[in-house]
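# Working through the structure, step by step
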Amino acid sequence: MREITEIIVHCTATNSKWMADNPVEDVVKEITRWHVEERGWSDCGYHAVCHRNGEVGYARPINRTGAHCRGRNKGTIGVSLVGGRGSTADDAFSDNFTSEQADALRNLIQQYKKQFPSIVKVTGHNDYASKACPGFSVEDWYNG
C-alpha cells in the first residue's frame, strides 16, 4: 500500500441540480467518463465523490495514485464534492454545498484518517492551484 499523508478536497464545478436525482454510482460513472474520454486519463482522477444527498461513491482505487492535483497526487487522496459551479475560494461551505455533504465529507475524512494514520493534512485544491476549487477554505471549514 502506498503511504498517504494528505487528503485534498475538490469540487466538480457543476450546478446544484446536476444529476441530483441520480444515484451516486451514476455520478461517479459520469465523472469517470469525463476524465477518461475527455482528458485521456486511465480512470477517474478522484478516489471518492460526495453527492449532494450525502451519498459517497468510490472511484479510483485508493491503492492507486490519483490524478486530481498536479504535482500533489503522490501520497494524497482526492475527494470531490458535487457542485461548486461559480464558487469563489472565499465562499462559505454552505454557499455551494449541502449539510449532507458536510457530514459525509467529515465522516470520510475521519474514516481515511483512521485507515491511514499517516495523514497529517486536509487541504483544498485551491491551496495548490490558482483555482476557486473546491469553493471554500478547507482549512477554515475543517478546523472551524
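Here is a short report on the structure shown in this document. (Residues numbered from 1 in each chain as written. Predicted model: local features only at pLDDT ≥ 70, side-chain atom pairs only at ≥ 80, totals over all residues. Heavy atoms only, no water.)

### Notes on the sheet that holds strand E5 (residues 121-124)
Definition in use: DSSP-based pairing: two strands are paired if at least 2 bridges between them are found. Numbering of helices and strands runs from the N terminus; a helix is a DSSP stretch of H or I covering at least four residues, while a strand is a stretch of E covering at least two. What counts as an axis is a line fitted to C-alpha atoms, over the stretch in contact for a helix, and the angles between N-to-C directions run from 0 to 180 degrees.
An order of E3-E2-E4-E1-E5 is seen for the five strands of this open sheet, with the pairing classed as mixed. In this open sheet, the two edge strands, each paired with only one partner strand, are strand E3 (56-58) and E5. Within this sheet the neighbouring strands show an average axis-to-axis angle of 25°, counted without direction. As paired strands, strand E1 (residues 6-11) and strand E4 (residues 76-81) are joined by six bridges and run parallel to one another. Considered in E4, the bridge of Ile8 is made with Gly78.

### Focus: the layout of surface pockets
We apply this condition: As defined here, a cavity is a set of points on a 1 Å grid over the protein atoms alone where a 1.4 Å probe fits but cannot get out. A pocket is an open set with protein on both sides within 12 Å along at least five of seven lines, and residues line them when an atom is within 4 Å of a point. Grid points are joined across faces, edges and corners, and a volume is the space filled by probe spheres set on the points.
Considered as a void within the structure, the largest pocket measures approximately 520 Å³ in volume. Considering the residues around the largest pocket, the lining is formed by 21 residues, among which Arg39, Tyr46, His68, His125 and Lys131 are closest to the centre. Broken down by secondary-structure element, the contributors of at least two residues to the lining of the largest pocket are E1 and helix H1 (24-38). Top contributing element to the lining of the largest pocket by residue count: H1, with four residues.

### Some points on the pattern of salt bridges
Heads up, the condition is: Throughout this description, the term salt bridge denotes a Lys or Arg side-chain nitrogen within 4 Å of a carboxyl oxygen of Asp or Glu. Accessibility here uses a 1.4 Å probe with only protein chains present; expressed as a share of the type maximum, an area under 20% marks a residue as buried, one over 50% as exposed, and anything in between as partly exposed.
Inspection of the entire model under this criterion finds four salt bridges. With a closest N to O distance of 3.3 Å, Arg33 and Glu37 form a salt bridge. Here Glu37 and Arg33 lie together in helix H1, a separation of four residues that amounts to about one turn. Judged by its relative accessible area of 59%, Glu37 falls in the exposed class. As a salt-bridge pair, Glu38 and Arg33 come within 3.5 Å of each other at their nearest N and O atoms. Among the residues examined, Glu38 registers a relative accessible area of 57% and is labelled exposed. The class of Arg33 is partly exposed, set by a relative accessible area of 30%.

These figures come from the coordinates and say nothing about function on their own.
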